[in-house]
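So the chains spell out like this:
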Amino acid sequence: MSENLDLVRSIYSAWERGDFSHAEWAHPEIEYMTADGLEPGSWTGLAEMAEQFHAWLRLWERFRLTADEYRRLGDDRVIVLDRQVGHGKTSGLDLGELETNGAWVFEIRDGRVTRMIRYMDRDGALADLGLEE
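Residues numbered from 1 in each chain as written. Predicted model: local features only at pLDDT ≥ 70, side-chain atom pairs only at ≥ 80, totals over all residues. Heavy atoms only, no water.

## Side note on the pattern of salt bridges
When the charged atoms of two side chains lie near each other, side chains of opposite charge can form a pair. One pass over the structure, following the stated rule, counts seven salt bridges. Linking Arg71 and Glu69 is a salt bridge whose minimum nitrogen-to-oxygen distance equals 2.7 Å. The class of Glu69 is partly exposed, set by a relative accessible area of 33%. Asp75 is the partner of Arg72 in a salt bridge, and the nearest nitrogen-oxygen pair spans 3.9 Å. Residues participating in the shared-partner salt-bridge network are Glu31, Glu107 and Arg115. (Salt bridge = Lys/Arg side-chain N within 4 Å of Asp/Glu carboxyl O. Buried < 20%, exposed > 50% of the residue type's maximum accessible area, 1.4 Å probe, protein only.)

The structure is reproduced here in structure tokens:
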């Protein structure tokens, strides 16, 4: 459904500007997951999602996500292949100098995101979904 793709594009439009303050697109009982990286895990609900997202954002200055590609995965899922940009507050690490190609998978029902899965490794996301390039 193109409405789901439009919803995800609108989420990324804010994220590309560094605006992570809105979550009206999220179901109140959203499942928020990190599939890989330093701290894989799963959290439920808006408060837990916000807590995890803000913990990540506190590590960076000028953090942004930039979409490279949007793909529909059936009627209720969208994957976004993206890159991260920002500088580590403590380390000074510049994400732009690294291969920071990741992905988000959004599951959508009745116009709200019910599940989000973050992959720090884009290839891992594509493999998990059977979409290896």
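Okay, back to it.
## A word on unusual backbone geometry
Positive phi is not limited to glycine here, since Asp110 has a value of about 55°. With respect to the helices and strands, the residue Asp110 is situated in the loop between strand E5 (101-109) and strand E6 (112-119). Residue class for Asp110 comes out exposed when judged on its relative accessible area of 74%. (Helix = DSSP H or I, 4+ residues; strand = E, 2+ residues; numbered from the N terminus.)

## Here's the deal with the nonpolar core
Counting 27 residues, the largest nonpolar core has Tyr12, Trp15, Trp25, Trp104, Phe106, Val113 and Met116 as the members making the most contacts within it. Among the elements of the structure, helix H1 (2-16), strand E1 (26-34), helix H2 (46-57), strand E3 (60-72), strand E4 (77-88), E5 and E6 are those that each provide at least two residues to this core. Sorting elements by how many residues they give to this core places H1 first, with six residues. Setting aside residues up to four positions removed in sequence, Met116 forms contacts with Trp15, Trp25, Ile30, Glu31, Tyr32, Met33, Met49, Trp104, Val105 and Phe106. (Core = buried A, V, L, I, M, F, W, Y, C linked by side-chain atoms within 4.5 Å. Contact = heavy atoms within 4.5 Å.)

## A look at the pairing of strand E2 (residues 41-44)
Pairing of E1 with E2 involves four bridges; the strand directions are antiparallel. Of the residues in E2, the one forming a bridge with Tyr32 is Trp43. Between E1 and E2, which pair antiparallel and follow one another directly, the connecting turn spans six residues, one of which, Gly37, has a positive phi of 90°. (Pairing = 2+ DSSP bridges.)

## Comments concerning the side chain of Asp82
With respect to the element layout, Asp82 can be found in strand E4. Here the side chain of Asp82 touches Tyr12 through a polar contact of 2.5 Å, side chain to side chain. Beyond its immediate stretch of four places on either side in the chain, Asp82 contacts Tyr12, Leu65, Thr66, Ala67, Asp68, Thr100, Asn101, Gly102, Ala103, Trp104, Arg118 and Arg122. (Polar contact = N/O pair within 3.5 Å; in protein donor to acceptor, adjacent residues only side chain to side chain.)

## A closer look at the layout of surface pockets
One number sums up the size of the largest pocket: a volume of about 500 Å³. For the lining of the largest pocket, the secondary-structure elements that each account for two or more residues are E1, H2 and E3. Counted by class, the lining of the largest pocket contains 12 nonpolar, four polar and three charged residues. A volume near 160 Å³ is recorded for the second largest pocket. Lining the second largest pocket we find Trp15, Phe20, Ser21, His22, Ala23, Trp25, Leu46, Met49, Ala50, Phe53, His54 and Leu57. Of all the elements, H2 adds the most residues to the lining of the second largest pocket, at six residues. The residue makeup of the lining of the second largest pocket, split by class, is nine nonpolar, three polar and no charged. (1 Å grid on protein atoms, 1.4 Å probe; cavity = no way out; pocket = protein on both sides within 12 Å on 5 of 7 lines; lining within 4 Å. Points joined across faces, edges and corners; volume = space filled by probe spheres on them. Nonpolar A, V, L, I, M, F, W, Y, C, P; charged D, E, K, R; others polar.)

## Thoughts on the sheet that holds E4
With mixed pairing, the six strands of this open sheet are ordered in space as E2-E1-E6-E5-E4-E3. In this open sheet, the two strands that pair with only one neighbour each are E2 and E3. Sheet twist, expressed as the average angle between the axes of neighbouring strands with direction ignored, equals 20°. Here E3 runs beside E4; their pairing, made up of 10 bridges, is antiparallel. Bridging from a neighbouring strand, Glu69 pairs with Leu81 of E4. Running over the sheet, H1 touches E3, E4, E5 and E6 and is turned about 160° from E3. The strands that H2 touches are E1, E2, E3, E4, E5 and E6; relative to E1, the one it contacts most, it runs at about 45°. (Axes fitted to C-alpha atoms, helices over the stretch in contact; angles between N-to-C directions.)

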